[in-house]
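Residues per chain are reported as follows:
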Amino acid sequence: KTNVDLCSFRHLKLYLYYIIYQPGFCTFFQECGLNPLLNDTFIPAIVPCFDYSRARHLTGEHYRRLKERLFLLQVCPMLDKGENNTYACCSIKQLSSLERSLTLSKAVLIRCPSCAENFAHLHCITTCSPNQSQTINVTQVMNVTSQGKTKLAVVGYQAFLSTTFAEASFQSCKNVRIPATGGFAIGTMCGRYGAKLCNPQRWYDFQGDSSNGLAPLDIDFQLIKEGHTEGLPEGVIPYNGRALMCNETTPSGGQFCSCQDCEESCPKMPPPPQPPSPFMLLGTDGFLVISIILLCLLILAFLLYVSVACFSRKRKDEEKGKRRGKDQNKVTCADRNSLVAQDFLSLQFQRWGTLMATYPLTVLLLSAIVVAVFSAGLKSIELTTDPVELWSAPNSRARQEKDFHDSHFDPFFRTNQLILTAPGRKGHIYNSLLFGPQNFSGLVSKDLVIELLQLQTRIQVKSPESNLKDVCFAPLNPSNPSLTDCAVNSLPQYFQNSLDNINAKVNMTELGVTKEVDWRDHLIYCLNSPLSFKDITDLGMSCMADYGAPVFSFLAVGGYENDDFTNAEAFILTFSLNNYARNSTKFKVAMQWETEFLKIVQEYQKNPACNFTFAYMAERSLEDEINRTTAEDIPIFMISYAVIFVYIAVALGEYSSWRRILVDSKFLVGLGGILVVGCSVLASMGFYSWIGIPSSLVILQVVPFLVLAVGADNIFIFVLEYQRDVRKPGETRQEQIGRVLGNVAPSMLLCSLSESVCFFLGALSTMPAVKTFALYAALAVLMDFILQMTAFVALLSLDARRQDNNRCELLCCVKVSTRRPNKPNEGFLLPLMRKYYAPVLLHRYTRIIVMLVFIFMFCASIFLMFNVTVGLDQELAMPQGSYMLDYFKYLYKYFEVGVPVYFVTKGGYDFATVEGMNAVCSSVGCDQFSMTQKIQYATDHPELSYLAIPANSWVDDFIDWLNPGSRCCRLYTFGPNVGQFCPATEASFLCLRKCMRPPANGVLRPTEEQFYPTRFMAYHTPLTNSQDFTAALLKARELAHNITLGMRKIKGTSPDFEVFPYTVTNVFYEQYLTIVPEGLFNISMCLLPTFVVCCLLLGLDLLSGLLNLLTIIMIVVDTVGVMTLWGIHYNAVALINLVTAVGISVEFVSHMTRSFALSIKPTHVERAMEATANMGSAVFAGVAMTNLPGILVLAFAKAQLIQIFFFRLNLIITLLGLVHGLVFLPVLLSYFGKCFIGACLCTQ
């Protein structure tokens, strides 16, 4: 009557003759002792005695004793039929053993009472059912000796279940989670298959496998469909009891499972809001439509203006020219005020220039003293290199959240990591005895695993200057860690970093097949069940790391698909160090260890015997590489400055005769101009160092270029004006210099004051880097103007005296006989622009074409501006060829999860109340919209929330730990420590009392004092660029805000209670949430003074101020448009350059505007021609040609930041400033310009 192999069971023959499968009979009863076939089990593997007999009727004292012990009600409540109707096939001892056997499994299922009850239901039926003989079929018995008695024990049987019951039980448990891992409990109870491939049969097979360390004997579960009887022993009826659904309450009063553990319990959630769709108009890009409409309107308006007003304007200009000097009544009060202002400024600067030129040596000495006093502050200069301090404002939200997190918890640990691959190695298929055919990549091979272990060991022990255990992150022994306590996550940790464990192998028999199992079987199991303390092979090894924690698969391997871990393309080796304050001695030790780490890794990479291709990084790598490339690119900057100096020295010379070339050269004047720029920068840096405002590498790189552009322009305007001027009869050299300065200094003041005020207002920015740059630039520009009005005037006076005496430059004792011609020296550029360029540019048809082209450029740039990419990918901060670039590439390619994100609760929330606890947890009895449940809902849509793994909840872990069913929290029952907590190391008989009694409804809540701020850790999806990081931050804040609002509704919660998300990268990417309005504000603040100062210094000339402002705005807009075309992202570095663009644009534009306004030519076109020829030549030589050579040299820099944001962006700014200042602005002024100042001068 049985279909088992009788040869395997000698003692079973007798059983076969008289066994009858009928109701009311037991197959085994009472305990016989330990299973002799099993060793090293988690709990004693006690097996029952073979005993075919009637089920025991539990009555009287026996039944009452059961109820007092609560065994039946606690373990098998479904068997209790009342005192007079309860029958069972198990003794009290068997119930005790069954309870112990179920404890560890139920510990991970207890979050869902109906699942835990269904799990117990099955084993209660097979162990205690009064109809046991109808459900099971004994397949293996053997003699077991216990306490001197030998009895026949059951060590294996078949259990027959209906598929209906089995499927329902499985469905109630398949979604129960383990909050600590973010995974499913079923994944730890399905062996090799994990949660993804688990099904009812595989689930029950694992439960009946005695090799799992929990089952005391082998159980072969047979799942039979209803109505199928083929192959069943006669009389066997597959058990078909009712399994509870996960959204049902249990008969004992347990509540239904939470949404996180049971989809059926989840409320109907509305679909999450989709990201906003692109702005559309008429079925296409809305910004494109608006730009096209704007283009059409501007072109139509311009053509209408040209057709209607051009002729009348020309006639009006001609009539005005004919009546010059005849009609004084046309001069308005505003004109007179403007004239007075111009005369006043010119007169004051003339007097000042004459004074400076008269006492040049005294002026130079006093200037040097002032610069020296200011520069003395450099002795206490501080360079900010910490990226957090550089880009995150101390009062910013992300910075405050970081400070709160780090003050209440330890700072996020320092990561030192290798990502190792072995391309080109051929993989293989391993036919595992337990897991079937498995794909193994060429990387996952024994020799490479051993090589990885050797590298890991070498890094751990070879650190002479600093020991890893002194600074490592040791979560389970932080106070006095040993080397094995350090958190090192790697694949060898599945073997406890033991070479013997990797080499271990054993023959194992499974389903009648004997085969060798080795490291591969253990690895397959551990990658799918990292929390296991013992694998299911006969190797019996743990999966836990040597430091006592699990290593989740995504921390050990990468580059796999669909959880095919053994087919991974990369090993991941991570050393975690504690993070310390920068002024701590431990911080220096950690930095030293990371230096040794990098040295060892780099030596290993160069070793020909290395079989890996890998990328690596240390926590200090980013800062080190930025500092390294800055130092390496200093020669590039020096060459750039040298090129600019050579150009200035050559371009300022007059060169009227070969014989006078050494006399007329301006080498010393050019050097003096460079020194003036350098001194202004040093004075600015020294002053701010005096008052404690730190500098940065950005300031050292950008400010000198900016001041050089401003200073060189002013130098060229002043020197060229002097060269083009002829000394009047009876006029001394000092008076001529003063008169020339009086002519040009108001224009220099206009530009310098505009730029300085612009940068001072730019210091209102909240970004530390932008703020300090603006402050340093503002003072440097102001000091440059002051030194030009003093030291440079004195220097030019000395040089003019030398030139008048026909003395050679550098060789002052040598004179030449050729005299200086007494005529203005216009040089080469001025005649060229006057004769050819200006007439062609301001031709009737050329002007129309220019206006149309620039209107098109402006409208196109508006469209492109709305499509500029916001952000700064961290790869761009690295120089070309940096090992960090390889690391980022490997990181984005192989990592399966993103950075951890903590949801941090501030004080003011009472976790001790039941209501407060329910609003946080996610297990049974918790609110459906609790904190952790909302995070779970978010992970259901990772493409929108950027959350991949839900938050592990210490609240749920604490509840599970306290739960009596888990047998984790115990109290001493006798001895000196009675009533106190009993650690897990103590024997069970000493600690029979639980910390808490089991609640009737299954909902257990601790009652302790109010908790301090706490945190819950989840994981982001892989984030590969700054746009992902920014979007993830925004979505996490939206979720945290929603959680905050919900938790504030709990009684007793403080009104200022808050939940916020914290990720270590938030301080870097928060700026991109506000950088667009921040940039608009900063640039607006820079544009404002350019308009106001221009109007004031031109005598309240609003029209000139508006035209000046419009041109600068067009330069900035066109710059952003070209940034989009050239792939330059908008970020804080770009914003600094755009602020700089405003300053440089002032140089290109304001000189031209003032020159046009002061012209006394009769028509607009003539005035524009004169301004283009006279001032345009100086601007071209002083700004464009000064900047371009230096900028072009930067193309050879190694740093990508310099190449992109200093070479490309500065090249764009200079070229656009040049074409707008020398092409567009003259044409614009010829159409719309006003010339009241010139008219007034003409009338005089």
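Residues numbered from 1 in each chain as written. Predicted model: local features only at pLDDT ≥ 70, side-chain atom pairs only at ≥ 80, totals over all residues. Heavy atoms only, no water.

Looking at an unreviewed UniProt entry, one finds the protein chain named SSD domain-containing protein, with Dicentrarchus labrax as its source organism. Database annotation for the protein chain, UniProt heading Sequence similarities (unreviewed entry): "Belongs to the patched family." (UniProt positions renumbered as here; feature names shortened; annotations may be inferred.)

1. Looking at the overall build of the protein chain
A tally of regular secondary structure across the protein chain gives 41 helices and 29 strands. The burial tally for the protein chain puts 56% of its 1244 residues in the buried class. Taking the intrachain contacts of the protein chain between residues at least 6 apart in sequence as the baseline, contacts between residues at least 24 apart amount to 74%. Surface summary for the protein chain: the accessible area is close to 52,500 Å², and the carbon and sulfur share equals 60%. (Helix = DSSP H or I, 4+ residues; strand = E, 2+ residues; numbered from the N terminus. Buried < 20%, exposed > 50% of the residue type's maximum accessible area, 1.4 Å probe, protein only. Contact = heavy atoms within 4.5 Å. Areas by Shrake-Rupley, 256 points an atom, 1.4 Å probe, with all protein chains shown as cover.)

2. Thoughts on the sheet that holds strand β26 (residues 981-982)
Within the open sheet, the 3 strands sit side by side as β26-β25-β27. Their pairing is antiparallel. Each edge of the sheet is formed by a strand with only one pairing partner; in this case those strands are β26 and β27 (993-994). Bridge count for strand β25 (residues 970-971) against β26 is 2 bridges, and the pairing is antiparallel. Paired with Arg970 across the two strands is Cys982, which belongs to β26. (Pairing = 2+ DSSP bridges.)

3. Notes on the environment of Ala1132
Locating Ala1132 in the fold gives a position in helix α38 (residues 1132-1158). Taking the C-alpha atoms as reference points, Ala1132 and Gln1071, 61 residues apart in sequence, are found 8.1 Å from one another. If sequence neighbours within four positions are ignored, Ala1132 has contacts with Trp391, Met767, Val770, Gln1071 and Ile1075.

4. What about the pairing of strand β13 (residues 414-421)?
Counting buried positions along β13 yields 8 of 8 residues, so the element is predominantly enclosed. Both faces of β13 are covered, namely the face carrying Arg414, Asn416, Leu418 and Leu420 and the face carrying Thr415, Gln417, Ile419 and Thr421. Looking at chain direction, β13 and strand β20 (residues 570-577) are connected through 7 bridges and run antiparallel. Across the sheet, the residue bridging to Ile419 is Ile572, located in β20.

5. Describing the sheet that holds strand β23 (residues 900-905)
An order of β24-β28-β23-β29 is seen for the 4 strands of this open sheet, with the pairing classed as antiparallel. Only two strands of the sheet have a single partner each, and these edge strands are β24 (947-952) and β29 (1059-1062). Neighbour-to-neighbour, the strand axes of this sheet turn through a mean angle of 25°, independent of strand direction. Relative to β29, β23 runs antiparallel, the two being bridged by 4 bridges. Its bridge partner being in β29, Thr905 is matched across the sheet by Val1059. Along the sheet face, helix α14 (residues 397-408) touches β23, β28 (1014-1020) and β29 and points at about 90° away from the line of β29. Contacts between helix α34 (residues 1026-1047) and the sheet are confined to β23, β24, β28 and β29, with β29 contributing the most and set at about 155° to the helix. (Axes fitted to C-alpha atoms, helices over the stretch in contact; angles between N-to-C directions.)

6. Describing the packing of helix α28 (residues 844-865) against helix α37 (residues 1102-1125)
Helix packing for two helices is described by the angle between their axes and how far apart those axes are. Where α28 meets α37, the closest approach of the two axes is 8 Å, and the angle between their N-to-C directions is 55°. One finds that α28 runs oblique with respect to α37. For the pair α28 and α37, the sense of crossing is left-handed. Of α37, the residues touching α28 (which contributes Phe854, Met857, Phe858, Ser861, Ile862, Leu864 and Met865) are Met1114, Val1117, Asp1118, Val1120, Gly1121, Thr1124 and Leu1125. Looking at the contact of α28 with α37 residue by residue, the classes come out as 10 nonpolar, 3 polar and 1 charged. (Parallel < 35°, antiparallel > 145°, perpendicular 65-115°, else oblique. Left-handed = near helix turned anticlockwise from the far one by under 90°. Nonpolar A, V, L, I, M, F, W, Y, C, P; charged D, E, K, R; others polar.)

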